[in-house]
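# Tertiary structure, described
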Amino acid sequence: VGGPFKNIIDDDDDEKENQIENSGENQVLESLKKSTNSPRRAQKELTKKSLQFQPKRQNQRTAHSRDRRLKIQTAIKSATDSVNKTLNAVRKAKEESQLERARQTSRVRDQWKEEKVEAKEYYSMAEKSRREILSLQKELSSKFRKQKANNNRNNMQERLNEI
């Protein structure tokens, strides 16, 4: 058995329980061989010793099973919590990533719109300036031509007057 239950569930536990059972029975048999030679007394001792030994073994096995079961339940709960936390963290990270991407896209879109508005304003201002310059140029050109024409006329008039 591997994974998160590796340290909790061992295949050797059943073997250990069997060894405990067998060692207890062997101790009873050895003590009987030493203590008596009569079969009847040995039978009584064997029954008495096995009755004393058996409840102890059942209590040990029950306590051991209960401990083992609790350890397994705790490990399963811990692994489940860990998996749930991991899955929730992944989901939350994905959602946050998508939200951040959406925010960033929105910021870029707003920035692009602002730049577009600024560009329109700039080009409209540039066009207005160009028209004003053309208007001034026409006006100055017109004034210059009028003045030149007036100068030419005045010069002609003076020459005519001189003659």
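Residues numbered from 1 in each chain as written. Predicted model: local features only at pLDDT ≥ 70, side-chain atom pairs only at ≥ 80, totals over all residues. Heavy atoms only, no water.

## A closer look at the overall build of the protein
Put simply, the rule reads: Every helix listed is a DSSP run of H or I at least four residues long, and every strand listed is a run of E at least two residues long, numbered separately from the N terminus. Relative accessible area decides the class of each residue, using a 1.4 Å probe on protein chains only: under 20% of the type maximum gives buried, over 50% gives exposed, and in between gives partly exposed. Here a residue-residue contact requires only that any non-hydrogen atoms of the pair lie within 4.5 Å. Working definition of accessibility: Shrake-Rupley area with a 1.4 Å probe, residue cover restricted to the visible protein chains.
Looking only at helices and strands, the protein has 2 helices and 0 strands in total. Burial analysis of the protein (163 residues in total) assigns 6% to the buried set. Once local pairs closer than 6 in sequence are excluded, the contacts in the protein between residues at least 24 apart make up 68%. Carbon and sulfur atoms make up 51% of the accessible area of the protein, which amounts to about 14,700 Å² in all.

## A look at the pattern of salt bridges
Using the following cut-off: Salt bridge, as used here: a side-chain nitrogen of Lys or Arg that lies within 4 Å of a carboxyl oxygen of Asp or Glu.
Using the criterion set out here, one finds 6 salt bridges in the structure. Across the pair E95 and R91 runs a salt bridge, and its minimum N-O distance is 3.5 Å. On the criterion of helical spacing, the pair formed by E95 and R91 is a turn pair, its members being 4 residues apart in helix α2 (residues 39-162). Judged by its relative accessible area of 38%, E95 is partly exposed.

## Points about the packing of aromatic side chains
To keep things clear, this is the line we draw: What counts as a ring pair is set by centres within 6.5 Å for rings of Phe, Tyr and Trp (its six-membered ring), and what kind of pair is set by the plane angle: stacked under 30 degrees, edge-to-face over 60, tilted for all other angles.
Within this structure, the stated rule accounts for 1 aromatic pair. Taking the centre distance of 5.5 Å and the plane angle of 70° together, the rings of Y122 and Y123 count as edge-to-face. Of the two residues, Y122 and Y123, both sit in the exposed class.

## A word on a nonpolar patch on the surface
The following threshold applies: Candidates for patches are residues over 30% relative accessible area with no salt bridge; among them, like charges are joined within 9 Å and nonpolar side chains (Val, Leu, Ile, Met, Phe, Trp, Tyr) within 5 Å.
On the surface, Y122, Y123 and M125 cluster together into a nonpolar patch covering about 410 Å² of accessible area. Along the chain, M125 turns up in helix α2.

## Points about the confidence of the model for the protein
Keep this limit in mind: Looking at any residue, its pLDDT shows the predictor's confidence there, from 0 to 100.
Predicted confidence across the protein gives a mean pLDDT of 76, with 63% of residues reaching 70 or more. Every residue in residues 10-14 scores below 50 in pLDDT, and together they form 6 contacts with partners more than four places removed in sequence or on other chains. Here residues 16-22 is modelled with pLDDT under 50, and outside its nearest four sequence neighbours on either side it reaches 7 contacts, counting other chains as well.

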